[in-house]
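Summary of structural features
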Amino acid sequence: QVQLVESGGGLVQPGGSLRLSCAASGSISSINPMAWYRQAPGKQRELVAITTVSGHTNYADSVQGRFTISRDNAENTLYLQMNSLKPEDTAVYYCYARLYVTIAARWDDYWGQGTQVTVSS
């Protein structure tokens, strides 16, 4: 079946770095766009960064200059490099992708299960 699997979350001290990965698998032929969202306790899910096949990117103001989103189109993998992490970055991070499912011959939205990122000393 088609799925997105995140990895790379964990506990890190303020000022530290983490790199999240999201691998898409299944009978898919195209992925556009891909994005990272996050959700902290008591808050609604928010967009962190998004990227298209053509390379266009957009970032939330709160992470601009600290986070970098990238993708490996050949491997159907999304990355989020997070530097200079702050306690307010603590949240569950979710991978999102709009996928063209070959068997169904249509585009559908998919979400990963999420990976916890905790920034604390």
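The text that follows walks through the structure, step by step, so that each part is easy to find. Computed from a predicted model, the values in this text were never measured in an experiment. (Residues numbered from 1 in each chain as written. Predicted model: local features only at pLDDT ≥ 70, side-chain atom pairs only at ≥ 80, totals over all residues. Heavy atoms only, no water.)

Some thoughts on the layout of surface pockets
One number sums up the size of the largest pocket: a volume of about 150 Å³. Taken together, Arg38, Gln39, Ala40, Lys43, Gln44, Glu46, Pro87, Glu88, Thr90 and Ala91 make up the lining of the largest pocket. Looking at the lining of the largest pocket residue by residue, the class counts come to three nonpolar, three polar and four charged. (1 Å grid on protein atoms, 1.4 Å probe; cavity = no way out; pocket = protein on both sides within 12 Å on 5 of 7 lines; lining within 4 Å. Points joined across faces, edges and corners; volume = space filled by probe spheres on them. Nonpolar A, V, L, I, M, F, W, Y, C, P; charged D, E, K, R; others polar.)

Re the pairing of strand β1 (residues 3–7)
Only one face of β1 is buried: it carries Leu4 and Glu6, and the other face, with Gln3, Val5 and Ser7, is open. Here β1 pairs with strand β3 (residues 18–25) via five bridges, running antiparallel. Within the sheet, the bridge partner assigned to Ser7 lies in β3 and is Ser21. (Buried < 20%, exposed > 50% of the residue type's maximum accessible area, 1.4 Å probe, protein only. Helix = DSSP H or I, 4+ residues; strand = E, 2+ residues; numbered from the N terminus. Pairing = 2+ DSSP bridges.)

Observations regarding the pattern of salt bridges
Tallied over the entire structure, the rule returns five salt bridges. Between Asp89 and Arg38 there is a salt bridge, with its nearest N and O atoms 3.0 Å apart. Taken together, the residues Asp89 in the loop between β8 (77–82) and β9 (91–101) and Arg38 in strand β4 (residues 28–39) connect sequence positions 51 residues apart. Across the salt bridge formed by Asp89 and Arg66, the nearest N and O atoms sit 2.8 Å from each other. Linking Asp89 in the loop between β8 and β9 with Arg66 in the loop between β6 (57–59) and β7 (67–72), this pair joins segments that are 23 residues apart in sequence. For the pair formed by Asp89 and Arg66, the shared burial category is buried. What you see here is one network of salt bridges that share partners, running through Arg38, Glu46, Arg66 and Asp89. (Salt bridge = Lys/Arg side-chain N within 4 Å of Asp/Glu carboxyl O.)

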